[in-house]
Amino acid sequence: MSKQENKKQRLKFKRTDFAFYADTSGHSIQNWLYRGIFEVLPSDQLYLSTGPSDTRNVVRNLLSSRARAIIMIGDDACFERFINLYREMNPNPSRTHYLGFVPLGQSHFATRFGLSLSAAKLSRIESMRFTSCMLSFPEVHSKLALQLGVGRLLSSIRYVPTSLSRQLMHTPLARPLPGMYAMTCVNEAPEAYAMSQEGMILHTLYQDQILFNQRVMTMRIDPSRLSLPGLSETQNHFFELRVRTLATSGQFIFPIRHQTESYLCQRVKLEFAQPVTLHTCSNRQETSSVSVTLCGRTYSCLIPTGLSGATTPLD
């Protein structure tokens, strides 16, 4: 992309173009309330929910405002709940909003996609420069997920002093304890792609083909902005599915290593030999079989690039 094309894509907002949203009942925001995070923001552009009882009314008022951009302040659970409510209450939008993220507490989504806006810069937000990216989110049981996963690494390492953990990471003591998940993943879209660690396409998988059928330690699904050669971004949205497995199949091979397999998918069916807990940023549920599909609706998310007049590059 040329410097001229990059410059054309940069966005500039007036102060009145913003609406700021936060759920003040969230644990991660309590400390920031005492520090006066909202005192620098215009009260008529501030939309604060105190919990489930008034969230819908707050969001309804926000959507009736003239804001061009909605800045969410909170953790990943707050972001996920808001995006689902935003889709529900604005199902066929005549106009869309740019979405911005100020991460507080447990928030990995915004950092992963380069969307994090510093809370300390909210007072100067009208001086910020932005670009935008289009994201589509994975959807499960009619709900959008910023992240979808199953499993966590269970290892005897967590029972030994931290000073020894690194030395033991590639020894038999690092072998996961019982708790691995036997699962099958079937592609239900016309095409899916197996990816290398460098982001290159290894091979194509077609409808009804099995992506993998094995015991895994963790499985995680994220939105993805990866593009495939020859397709425009609007034609080419995929979520990223990653599974973590043991690199060796032997029972007592030394040392033991982990490996990650990655896929770009649009719809998959996950089947588990036994019920497992499937978790998103804001919800947990037990299941033995579930379909995950890519949401057909895209969302414009803001990428902060610096203060007005700065030469901060996009990446």
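Fair warning: this is a prediction, and the values are worked out from it, not measured in the lab.

Caption draft 1: Broad picture of the environment of Ser289. Looking at the element boundaries, Ser289 is found in strand 17 (residues 284–294). When the C-alpha positions of Ser289 and Ala273 are compared, they lie 9.0 Å apart, and in sequence the two are 16 residues distant. Apart from residues no more than four positions distant in its own chain, Ser289 is found in contact with Lys269, Leu270, Glu271 and Phe272.

Caption draft 2: Looking closely at the side chain of Gln45. Structurally, the position occupied by Gln45 is in the loop between helix 2 (30–34) and strand 2 (46–49). Excluding its chain neighbours within four sequence positions, the residues that come into contact with Gln45 are Arg15, Thr16, Phe18, Ala19 and Phe20.

Caption draft 3: Fine view of the side chain of Asn84. Checked against the element boundaries, Asn84 lands in helix 4 (residues 76–89). Look at Asn84 and you get buried, because its relative accessible area is 11%. The residues touching Asn84, leaving out its near neighbours within four places in the chain, are Lys143 and Leu144.

Caption draft 4: Up close: the packing of helix 3 (residues 52–63) against helix 4. Relative to each other, helix 3 and helix 4 sit at 65°, their axes nearing to 11 Å. Of the two elements, helix 3 crosses helix 4, and the hand of that crossing is right-handed. Here Thr55, Arg56, Val59, Arg60, Leu62 and Leu63 of helix 3 lie close against helix 4, whose contacting residues are Phe82, Leu85, Tyr86, Glu88 and Met89. Per-class residue counts for the contact of helix 3 with helix 4 are 7 nonpolar, 1 polar and 3 charged.

Caption draft 5: Highlighting unusual backbone geometry. The backbone phi angle of His141 is positive, close to 50°, even though this residue is not glycine. On the secondary structure map, His141 appears in the loop between strand 6 (138–140) and strand 7 (143–144). Unusually for a residue other than glycine, Ser142 sits at a positive phi of about 65°. Tracing the backbone through its elements, the reader meets Ser142 in the loop between strand 6 and strand 7. Look at Ser142 and you get exposed, because its relative accessible area is 56%.

Caption draft 6: Spatial organisation of the nonpolar core. Counting 32 residues, the largest nonpolar core has Tyr21, Phe101, Phe109 and Leu115 as its most contacted members. Within the residue set of this core, elements represented by two or more residues are strand 1 (18–23), helix 3, strand 3 (69–74), helix 4, strand 4 (98–103), helix 5 (109–112), strand 5 (128–135) and strand 18 (299–307). Take this core: its biggest share by element is 7 residues, from helix 4. Once you skip the residues sitting within four places of it in the chain, Tyr21 turns out to touch Tyr47, Ser49, Thr55, Val58, Val59, Leu62, Ile70, Ile71, Met72, Ile73, Cys78 and Phe82.

Caption draft 7: Main features of helix 4. The terminal C-alpha atoms of helix 4 lie 20 Å apart, and with 14 residues this matches the ideal 20 Å at 1.5 Å per residue to within 8%. By the criterion of burial, helix 4 is predominantly enclosed, with 12 of the 14 residues buried. Listed as buried for helix 4 are Asp76, Ala77, Cys78, Phe79, Glu80, Phe82, Ile83, Asn84, Leu85, Tyr86, Arg87 and Met89.

Caption draft 8: Structural context of the pattern of salt bridges. Scanning the entire structure with this criterion turns up 10 salt bridges. With its nearest N and O atoms 3.0 Å apart, the salt bridge here joins Glu88 to Arg56. With Glu88 in helix 4 and Arg56 in helix 3, this residue pair connects regions lying 32 residues apart in the sequence. When its relative accessible area of 37% is taken as the criterion, Arg56 is described as partly exposed. We note a salt bridge from Arg87 to Glu139, for which the minimum N-O separation is 3.3 Å. Linking Arg87 in helix 4 with Glu139 in strand 6, this pair joins segments that are 52 residues apart in sequence. Accessibility assignment for this pair places Arg87 and Glu139 in one class, buried.

Caption draft 9: Broad picture of the packing of aromatic side chains. A full pass over the atoms with the stated rule returns 15 aromatic pairs. With centroids separated by 6.4 Å and ring planes inclined at 55°, the aromatic side chains of Phe18 and Phe130 adopt a geometry described as tilted. Placement of Phe18 in strand 1 and of Phe130 in strand 5 is noted, with a sequence separation of 112 residues between them. For the pair Phe18 and Phe130, one class covers both residues: buried. Ring centres of Phe137 and Tyr299 lie 5.7 Å apart, and the angle between their planes is 55°; this geometry places the pair in the tilted category. Placement of the pair is Phe137 in the loop between strand 5 and strand 6 and Tyr299 in strand 18, with a sequence separation of 162 residues. Above the plane of the ring of Phe113 lies Arg112, whose end atom (NZ or CZ) is 5.3 Å from the centre.

The rules behind these values
- Residues numbered from 1 in each chain as written.
- Predicted model: local features only at pLDDT ≥ 70, side-chain atom pairs only at ≥ 80, totals over all residues.
- Heavy atoms only, no water.
- Helix = DSSP H or I, 4+ residues; strand = E, 2+ residues; numbered from the N terminus.
- Contact = heavy atoms within 4.5 Å.
- Buried < 20%, exposed > 50% of the residue type's maximum accessible area, 1.4 Å probe, protein only.
- Axes fitted to C-alpha atoms, helices over the stretch in contact; angles between N-to-C directions.
- Left-handed = near helix turned anticlockwise from the far one by under 90°.
- Nonpolar A, V, L, I, M, F, W, Y, C, P; charged D, E, K, R; others polar.
- Core = buried A, V, L, I, M, F, W, Y, C linked by side-chain atoms within 4.5 Å.
- Expected span 1.5 Å × (residues − 1).
- Salt bridge = Lys/Arg side-chain N within 4 Å of Asp/Glu carboxyl O.
- Phe/Tyr/Trp six-rings, centres within 6.5 Å; stacked < 30°, edge-to-face > 60°.
- Lys NZ or Arg CZ within 6 Å of the ring centre and 35° of its normal.

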